[in-house]
Amino acid sequence: MWSVWWQRIGNFLSNPLLRKELRQRMRSLRTVLAVSLYLIVIGAVAFTFMYVNVQGQTLLLQPTRTAELFTFLSYLQLALISFVTPGIASGVISGERERQTLPVLLTTPLSPWSVIFTKWMTSISFLVLLILMTFPLYSIVFLFGGVVPSQVLAVFGLQFMTLGAIASISIFWSTIVQRTGWSTVLSYATVAAVFIGGSVVGYLFDTIAAHSPDQTIWVDLGTVAYTINPIYMQASLEASLGFITPAFHNSIVASVFTTVQLHNLMSAPSWLIYATIYILGSFLLLVICAWRLRPGTFTITQKRLLRWLLR
Amino acid sequence: MIVTENLCKRFNRVEAVKDLNLNVRSGTVFGFVGENGAGKTTTLSILATLMLPTSGRAYVAGAEVTTDAALVRKLIGYMPDQFGVYDDLTVKEYLAFYGTAYGVSHGDIEKRTKELLAMVNLSDKVDFYVNTLSKGMQQRLGLARSLMHDPPVLILDEPASGLDPRSRIEMREIIKSLRERQKTVLISSHILPELAEMCDEIGVIQGGALVACAGVEVVNARVQGQRQLQVEVLSGGVQLAHYLASRQHISDVISFDDEHVEVLFSGSQEDQVELIHELAVAGYSLKSVHEVGASLEELFLRLTRESDEGQPVSKMA
């Protein structure tokens, strides 16, 4: 069984489109500059944070402060994912269409699913690279205690899941609309609807619940609205890992963590909903893209199914 | 090798291809000529599996384009009328990408890259980035790309469009050389003379329907020497039209009114002088006789219709 899987992985890695896309994306000077700049900014933020907290005396750094730094860095990274992913992924198919390279690509034996999945992989690869390159920075966090590697991996897992979903949404728009400009606008709008709209809708449900005699339904609806929002789910993860410290009790952060506890977002059902929506949703969007990419795929499948049934 | 049976494609209310029946024999270069919007690109897109027909069937080397699309893709090399290239890839990497996509082995990719670049005169550009090549070079590279997996059938949609005269000649010579490689080529253009030079057979598509189809010798024989003359008279154009229809070297009366008659004339300059003399003797008050422009496509279409129906379309006895 393992040999079959290794063979499949080998086949996928030898996919010419994957190699071409990675080569094109990674060899450009833009990529080198973007990675360098990102590391400089994140590094500067981390060192400034630490310097301000210890006032130059590294021995006095408390583990709770390191947890704060970790939470801060992980939110910074979530913000990066939500801002950069649509910019990268929203042009992968519409860009091929605009460059007039798509018809030729579609007349090769590469299947639409292989094209879409490869495009998805390569668009997230750059951000995965950025995230992985911040590992050395996180090692500073480990050095002073307060956070253990498994906790970092848990947060990274959530971020990869979110990254994959945002990339799927962006590729979906890129396949559906003809122009990259529109695809980018729609991708950002969808991300904003999830991040900001989800918070507003959740808050509205909470407000209604506070004034309603039957609170349960409104609270449940609020829970669903918060559950699909990565901001709250990352907060729930960090709360469950015990990173809530008194320093976070400013108005915005306190409200986020209060909501997490009020709606019990740390519970297994919330995580199940989040994982289902983000993983299955991403998969479904990519399947729609593959179907949309080669017109008539659905009709042909329908005909084959009908022929098979009649047989 | 390429067969279509009552092929139709409809976009909402527009019928882009109407009952198209086409038969391209193996090893021939078939020219598909028609004006912009005639249905050439739609037909070629269906054959390249990029579009589904509304009705009818199309086969490439026996494989049906809708049900055996995956097989058809392996059998064809397709070059669209407008295509782009990938930035940040060299010519060698560009060809290797498509070669690998078609499952060509690594060793064969190297061999074919050398061979095809020599064929399209781009051997010295092997390490150049494709986006730095000129339009003509990119078109030739596109042709090399479509041959990378050595397909038996090539579908070329206006391969010389947008090229300067020199590049057009180069492209024409390369396509001619494909005949020696025993490829079946379906090539579209809106320029008949260009196709006549490199094709074995020519089909004319108009309003989505194939209106004429003939061997290139027939086209050349019929089209060459044909001129469209306009005879201007003071009056009596209708009688003149009837008179001209019965004269030697007049193959068709195209249009007429009381003062003008347009005819297709196949004679020489001396014959034309003789005809003018005959008209003067017959008492027609001539104002002028001059040649008017008509595209070769129009002439070919008119003449082929004449041939198909066994008599001229509008020649009056």
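A few points on the structure. All residue numbers refer to positions counted from 1 along the written sequence of the respective chain. Note on labels: chains are lettered from A, ligands numbered from 1, in written order. This being a predicted model, a pLDDT of at least 70 is required before a residue's local features are given, and a value of 80 or more before pairs of side-chain atoms are given or counted; all residues contribute to the totals for chains, interfaces and linings. No hydrogens and no water enter the side-chain calculation; it runs on all heavy atoms of the structure.

For the rest of this paragraph, the subject is the interface of chain A and chain B. With 25 residues of chain A at the interface, the matching set in chain B holds 25 residues. With both sides pooled, the region where chain A packs onto chain B buries about 2,500 Å², and carbon together with sulfur makes up 63% of that total. Looking at the side of chain A facing chain B, the largest losses of area belong to Val 104, Thr 107 and Pro 109 of chain A, adding up to 24% of the total buried there. Between Lys or Arg on one side and Asp or Glu on the other, a salt bridge is scored when a side-chain nitrogen of the former is within 4 Å of a carboxyl oxygen of the latter. Our count for the chain A to chain B interface comes out at 2 salt bridges. The salt bridge involving Glu 93 of chain B is made with Arg 27 of chain A; its shortest N-O contact spans 2.9 Å. Distance and chemistry together define a polar contact, namely a pair of N or O atoms within 3.5 Å, with one atom able to donate a hydrogen and the other to accept it when in protein, and with adjacent residues in sequence counting only for side-chain atoms on both sides. If you look at where chain A meets chain B, you find 7 residue pairs in polar contact (both at pLDDT 80 or more). Secondary structure counts use DSSP, requiring at least four H or I residues in a row for a helix and at least two E residues in a row for a strand, with both numbered from the N terminus. When contributions to the side of chain A that touches chain B are tallied by element, the ones reaching two or more residues are α2 (16-26), α6 (102-106) and α15 (297-310) of chain A. Grouping the constituent residues of the side of chain A that touches chain B by class yields 10 nonpolar, 7 polar and 8 charged. A contact between two residues is defined here by any heavy atoms of the two lying within 4.5 Å. Defined here as a combined quantity, buried area equals the accessible surface (1.4 Å probe) lost by two parts on assembly, summed across both. Only Asp, Glu, Lys and Arg are considered charged in this grouping, and only Ala, Val, Leu, Ile, Met, Phe, Trp, Tyr, Cys and Pro are considered nonpolar; every other residue, Gly among them, is considered polar.

Counting residues in each nonpolar core, the largest one holds 140 residues, and the members touching the most others are Leu 47, Tyr 94, Leu 141 and Ile 187 of chain B. Ranked by residue count, the leading element in this core is helix α9 (residues 149-176) of chain A, at 11 residues. Here Leu 141 of chain B is in contact with Val 91, Tyr 94, Leu 95, Leu 117, Leu 122, Val 130 and Leu 133 of chain B, once residues within four sequence places are set aside. Only buried residues count toward a nonpolar core. Its members are Ala, Val, Leu, Ile, Met, Phe, Trp, Tyr and Cys residues joined through side-chain atoms within 4.5 Å. The buried label goes to any residue with under 20% of its type's maximum accessible area, the exposed label to any with over 50%, and the partly exposed label to all in between, with areas taken from a 1.4 Å probe on protein chains only.

Turning our eyes to something else, we now look at the packing of α9 of chain A against helix α10 (residues 180-211) of chain A. Think of two packed helices as two axes; the pair is described by the angle between the axes and how far apart they sit. All names here are of chain A. Fitted lines through C-alpha atoms serve as axes, helices being fitted only where they are in contact, and the angles separating the N-to-C directions of these axes extend from 0 to 180 degrees. At a minimum axis separation of 8 Å, α9 and α10 run at an interaxial angle of 140°. With respect to each other, α9 and α10 are oriented oblique. Along this stretch, α9 crosses α10, giving a crossing that reads as right-handed. Contacts between α9 and α10 involve Thr 162, Ile 166, Ile 169, Ser 170, Trp 173 and Ser 174 on the former and, on the latter, Ser 183, Leu 186, Ser 187, Thr 190, Val 191 and Phe 195. Class assignment of the residues belonging to the contact of α9 with α10 gives a composition of 6 nonpolar, 6 polar and no charged. In these notes the angle categories are as follows: under 35 degrees is roughly parallel, over 145 is roughly antiparallel, 65 to 115 is roughly perpendicular, and the rest is oblique. In this scheme, a crossing is called left-handed if the near helix is turned counterclockwise away from the far one by less than a right angle; it is called right-handed if the turn is clockwise.

Turning to the packing of aromatic side chains, a few remarks are in order. Pairing of aromatic side chains requires ring centres within 6.5 Å, counting the rings of Phe and Tyr and the six-membered ring of Trp. Pairs whose planes differ by under 30 degrees are stacked, by over 60 edge-to-face, and all others tilted. Tallying each qualifying case throughout the model produces 14 aromatic pairs over all chains. Ring geometry for Phe 172 of chain A versus Trp 173 of chain A: centroids 5.2 Å apart, planes at 65°, classification edge-to-face. By relative accessible area, Trp 173 of chain A is classed as partly exposed at 22%. Measuring from centroid to centroid gives 5.5 Å for Tyr 243 of chain B and Tyr 284 of chain B, while their planes differ by 45°, and the two rings are tilted. Of this pair, Tyr 243 of chain B sits in helix α9 (residues 237-245) while Tyr 284 of chain B sits in the loop between α10 (269-281) and β14 (286-292), placing them 41 residues apart in sequence. You can call Tyr 284 of chain B buried: its relative accessible area is 18%. Put simply, the rings of Trp 113, Phe 117, Trp 120 and Phe 283 of chain A touch in pairs and so form one group of aromatic residues. Lysine and arginine charges are scored as sitting over a ring when NZ or CZ, respectively, is within 6 Å of the ring centre and within 35 degrees of the ring normal. Lys 125 of chain B extends its terminal NZ or CZ atom over the ring of Phe 128 of chain B, reaching a point 4.7 Å from the ring centre. The ring of Tyr 98 of chain B carries the charged tip of Arg 145 of chain B above its face, separated from the ring centre by 5.3 Å.

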